[in-house]
Protein chains: 2
Amino acid sequence: MRVRATILQTPRPGELQVLEDRLLTIDGSGAITAIGRGGRAEADSVPPDVELPPDVVLVPGLVDTHVHAPQWPQLGTGLDLPLEEWLLAHTFPLEARYADEAFARRVWADLVPTLLANGTTTAVYYGSIHEPATVALAETCVEHGQRALVGRVAMDHPDATPHDYRDAGPTAGIEASARSIEAIRALPGANGLVSPIVTPRFIPACTDPLLAGLGELAAATGTTVQTHCSESDWEHTNVVNRCGRTDAAALDGFGLVGEHTVLAHATHLDDRDRSLLAARGAGVSHCPLSNVYFSERVFELRSALAAGVRVGLGTDIAGGPDPSLLAQCGHAVGASRQLARGGPGAPVDGRAGVDPVVDITTAFWAATVGGAELAGLPVGLLEVGRPFDAVAVDLGPSGLGVWDEVDDWPRAFEKLVRLARLSDFTDVWVAGRRVAGRQAGEARRRTSTVG
Amino acid sequence: MRVRATILQTPRPGELQVLEDRLLTIDGSGAITAIGRGGRAEADSVPPDVELPPDVVLVPGLVDTHVHAPQWPQLGTGLDLPLEEWLLAHTFPLEARYADEAFARRVWADLVPTLLANGTTTAVYYGSIHEPATVALAETCVEHGQRALVGRVAMDHPDATPHDYRDAGPTAGIEASARSIEAIRALPGANGLVSPIVTPRFIPACTDPLLAGLGELAAATGTTVQTHCSESDWEHTNVVNRCGRTDAAALDGFGLVGEHTVLAHATHLDDRDRSLLAARGAGVSHCPLSNVYFSERVFELRSALAAGVRVGLGTDIAGGPDPSLLAQCGHAVGASRQLARGGPGAPVDGRAGVDPVVDITTAFWAATVGGAELAGLPVGLLEVGRPFDAVAVDLGPSGLGVWDEVDDWPRAFEKLVRLARLSDFTDVWVAGRRVAGRQAGEARRRTSTVG
């Protein structure tokens, strides 16, 4: 397949790369094998398979590094409660319903296509504790063509989980997680697209034997790990009181911090935590909208990058009430503005010489390259050797509606990241397969104004 | 006209009113003259003109109390800069272009229908300093049927405005504002729908004689007033240094704080300011998303309400990068969560006994009733005697997609407020006239998933 388009992407934090009028060649496996000048196509005898209009641009597919799939039906509710109440009153009762595999499949069939339509070509998912529902989520990703890491949630601690929604014990939890890894790896079509990930919920919900056993399971099966880390005052304090050290250090002690470990939130990291994560090749899924509700501090993105910690972005569905990862870029800039002026848990301005303000290209880098490097996947940029995971965005009057009279490429890119939503996405591809996109002729401003 | 529908609305902060299956009668002037039980319609010989499907509900039209119309083309850009730099580098050069009335009309023809499509049935607009462009904005509102207050911006202070974008002096500014009031009042069709409003930009941009003269102009013409108040550390300090008192007190000294005065932001109010605003019948346009970027503090919504200060919500286009007023409701809850945990300028938790956390019904109240009372307009609720300004929202599978299995009315309402966007709005009416809404058969999930 050949695609002619202008590419906007961010190879490094703060750097916008504009590649005008390129011709991409994609092989049968979905990998990009060549990127040439688009102009040559005109002389070719065979026109490209896809030729984007001049006001439609191509950006790398978005990598959402933190999604709780079972929480999809509660998106947007209960957000005036503290984390621990929200979990017990709303979230755990909902997640317990996924013992019903048919219910789970109805939810997955809505969630996965919706995220693809939002440009999320890769998602790092938490399932529930249920093996059939979790494997069905991986199946749904394969079916709809979404790149994904899918983890069965392990949790067994009687103090922080309800009696009807926890593993029977550490051994039962470890064995269930092991079976789910095998089942996901055995799915037809999963290879190279959908993989398992070891997923202890977070330290407060897990006993020490479960945590240690999951660390061993990850090492034995060559599986990466995701969990939550230092999300809120409550969680942070719970872990420090129980383990006598910070969340990051305690997880490391259980063998749960390694290359490409995805730690959600991590708003309470200190300098030693950052050094540890950098040394391990682990990193943080920064979920700025969710943090507004459930963290008592603002994640220090620039401090993390300066320390060599990997950083991606996450929606934290349903802790964050927006399915759009692109929207998280704006929230990340806003969070950094709050740090700059002395926000929650504030003493950051100038700390270690790091200016906390994040610009929109750095945020988009985290939503693409940063998330891919965090999760250990070869996506995030459109360049030779990587899979063709991409989103075509309409900047013209039928889409985002950039103002030619005032907008240059950097401004148009900032608008794209801040304002574009699924109705502006004409096409979404994963590994060269078109998996979503609006129908021809559909447009954002399809409202009828009776004037 | 008769409309059969279920109504969701918030007569008071924190109170959700569900009126299932009602029949509204609307007279030729667009006013609601009766609300009966919908069931009766089945026995009628004449069916209602509009019968909403069971999963489409009616909410009051949204009142956006702070919109800078000329900043529409820059929506979503420059948001990593402090206020004073953003104004000088981005905003004033753009606003200066509205000397070109043709450019202005192109922008208004895009802005007004887009806001209507977002459910904003009423907008309180800042124009630019230019009379023709400002009157053209009012004309555009009349043409598209949007309820509006439209103000020519007055600003003449050489220290905070560029030489090519300011009034020639106080007298010139006052006279231009006076002429714009007459011109807007004389527009055919404006009566009852579109009115002028006296609009000094803010104290730093205006000389004392201009401010005093505009106070006299408002009194002489019976016009309400809008301006900015205590938006940021920079503005707050500028005013205190120049006037020797707070922004609210200084504006009051110029005769600019009266019944239905709309003060944007007001994040730095103190107890005396709140008492003053309450005594005058004035209030605050709370713009929580904009405040993330340009204020150094979080507006204390509950403290304001407890003190009897009127409060509405505003997008602050383009200081806030989202045209949806509904989205501001979620941001208002988020801002209040940050206050609760000790956010920017924080010492609020428990101050004067006021718990800062705002729930979604209080936020929606501010977006409808609160804004209407702030601006002095008889909208915000669907009840007898008020204009039929309303939005029909699709909660079904072709729209928002509420989950019947888990959602009751309060949860469905929270989802509506947090998640519904223009593609879920099937109809928007102002004064009984259908002014926007998606075409029949169009739906939010119009993406083609190639599965």
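Residues numbered from 1 in each chain as written. Chains lettered and ligands numbered in written order. Predicted model: local features only at pLDDT ≥ 70, side-chain atom pairs only at ≥ 80, totals over all residues. Heavy atoms only, no water.

On a plain count of helices and strands, chain A comes out with 14 helices and 18 strands. For chain A, the C-alpha radius of gyration of 21 Å lies close to 22 Å, the compact-globule estimate for 451 residues. C-alpha extents for chain A along the principal axes are approximately 65 × 50 × 50 Å. Looking at the 451 residues of chain A, the share that counts as buried comes to 66%. Summarising the internal contacts of chain A: among those between residues at least 6 apart in sequence, 73% fall at separations of at least 24. Of the accessible surface of chain A, which amounts to about 14100 Å², a share of 51% is contributed by carbon and sulfur atoms. (Helix = DSSP H or I, 4+ residues; strand = E, 2+ residues; numbered from the N terminus. Rg over C-alpha atoms; globule rule 2.2 N^0.38 Å. Buried < 20%, exposed > 50% of the residue type's maximum accessible area, 1.4 Å probe, protein only. Contact = heavy atoms within 4.5 Å. Areas by Shrake-Rupley, 256 points an atom, 1.4 Å probe, with all protein chains shown as cover.)

A few words on the environment of Cys229 of chain B. Residue and element names in this part refer to chain B. You can see Cys229 is positioned in strand S12 (residues 226–229). On the accessibility criterion, Cys229 (0% relative accessible area) is buried. Residues Cys229 and His265, spaced 36 residues apart in sequence, show a C-alpha to C-alpha distance of 6.3 Å. When near neighbours in sequence (up to four residues on either side) are disregarded, Cys229 contacts Glu235, Asp247, Ala248, Leu251, Leu263, Ala264, His265, Ala266, Thr267 and Leu269.

Moving on: the pattern of salt bridges. Counted under the stated rule, the structure contains 42 salt bridges over all chains. In this structure, the salt-bridge partner of Glu51 of chain B is Arg4 of chain B, at a minimum N-O distance of 3.0 Å. Taken together, the positions of Glu51 of chain B in strand S4 (residues 50–51) and Arg4 of chain B in strand S1 (residues 2–9) put the pair 47 residues apart, joining distant regions of the chain. Linking Asp167 of chain B and Arg152 of chain B is a salt bridge whose minimum nitrogen-to-oxygen distance equals 2.9 Å. Linking Asp167 of chain B in the loop between strand S9 (153–154) and helix H4 (170–185) with Arg152 of chain B in the loop between strand S8 (147–151) and S9, this pair joins segments that are 15 residues apart in sequence. Residues joined in a network through salt bridges with shared partners are Asp271, Arg274, Arg297 and Glu300 of chain A. (Salt bridge = Lys/Arg side-chain N within 4 Å of Asp/Glu carboxyl O.)

All names here are of chain A. Remark: helix H4 (residues 131–144) packs on helix H5 (residues 170–185), axes separated minimally by 10 Å, with the N-to-C direction vectors making an angle of 30°. Between H4 and H5, the angle is such that the two are roughly parallel. Note that H4 runs across H5; the crossing there is right-handed. Between H4 and H5, the residues in contact are Glu131, Val135 and Ala138 and Ala176, Arg179, Ala183 and Ile184, respectively. A breakdown of the residues in the contact of H4 with H5 according to their chemical character gives five nonpolar, no polar and two charged. (Axes fitted to C-alpha atoms, helices over the stretch in contact; angles between N-to-C directions. Parallel < 35°, antiparallel > 145°, perpendicular 65-115°, else oblique. Left-handed = near helix turned anticlockwise from the far one by under 90°. Nonpolar A, V, L, I, M, F, W, Y, C, P; charged D, E, K, R; others polar.)

All names here are of chain B. Along the chain, Gln9 falls in strand S1. Between the C-alpha atom of Gln9 and that of Arg22, which follows or precedes it by 13 residues, the distance is 13 Å. In this structure, Gln9 is in contact with Glu15, Leu16, Gln17, Leu19, Pro60, Leu381 and Leu382, ignoring residues within four places of it in sequence. A distance of 2.6 Å separates a polar side-chain atom of Gln9 from the backbone nitrogen of Leu382. (Polar contact = N/O pair within 3.5 Å; in protein donor to acceptor, adjacent residues only side chain to side chain.)

Our focus in this paragraph is the sheet that holds strand S8 (residues 147–151) of chain A. Residue and element names in this part refer to chain A. Read from one edge of the open sheet, four strands run S6-S7-S8-S10, paired in parallel fashion. With partners counted over all chains shown, the strands left at the sheet margins are strand S6 (62–68) and strand S10 (194–196), one partner each. Going from strand to strand, the sheet's axes swing by 15° on average, the running direction of each strand aside. Against the sheet, helix H3 (residues 101–117) engages S6 and strand S7 (120–126), with an angle of about 140° to S7. The strands touched by H5 within the sheet are S8 and S10, with S10 carrying the most contacts at an inclination of about 165°. (Pairing = 2+ DSSP bridges.)

Once that is clear, we can look at helix H12 (residues 325–340) of chain A. Residue and element names in this part refer to chain A. In a regular helix each residue adds 1.5 Å, so 16 residues correspond to 22 Å; H12 covers 23 Å between its end C-alpha atoms and thus fits that length. Across the 16 residues that make up H12, a large majority, 15, are buried. For H12, the side-chain oxygen to backbone nitrogen distance between the N-cap and Leu326 is 3.3 Å, and the N-cap itself is Ser324. (Expected span 1.5 Å × (residues − 1).)

With 69 residues of chain B at the interface, the matching set in chain A holds 69 residues. Carbon and sulfur atoms supply 49% of the area buried between chain B and chain A, which totals about 5800 Å² over both sides. Across the contact surface, chain B and chain A share zero salt bridges. Counting every contact that joins chain B to chain A gives 19 residue pairs in polar contact (both at pLDDT 80 or more). When contributions to the side of chain B that touches chain A are tallied by element, the ones reaching two or more residues are helix H1 (83–96), helix H2 (101–117), helix H3 (131–144), helix H9 (288–294), helix H11 (325–340), helix H13 (409–419) and strand S18 (433–436) of chain B. For the side of chain B that touches chain A, the class distribution of residues is 26 nonpolar, 22 polar and 21 charged. (Buried area = accessible area lost by both parts, 1.4 Å probe.)

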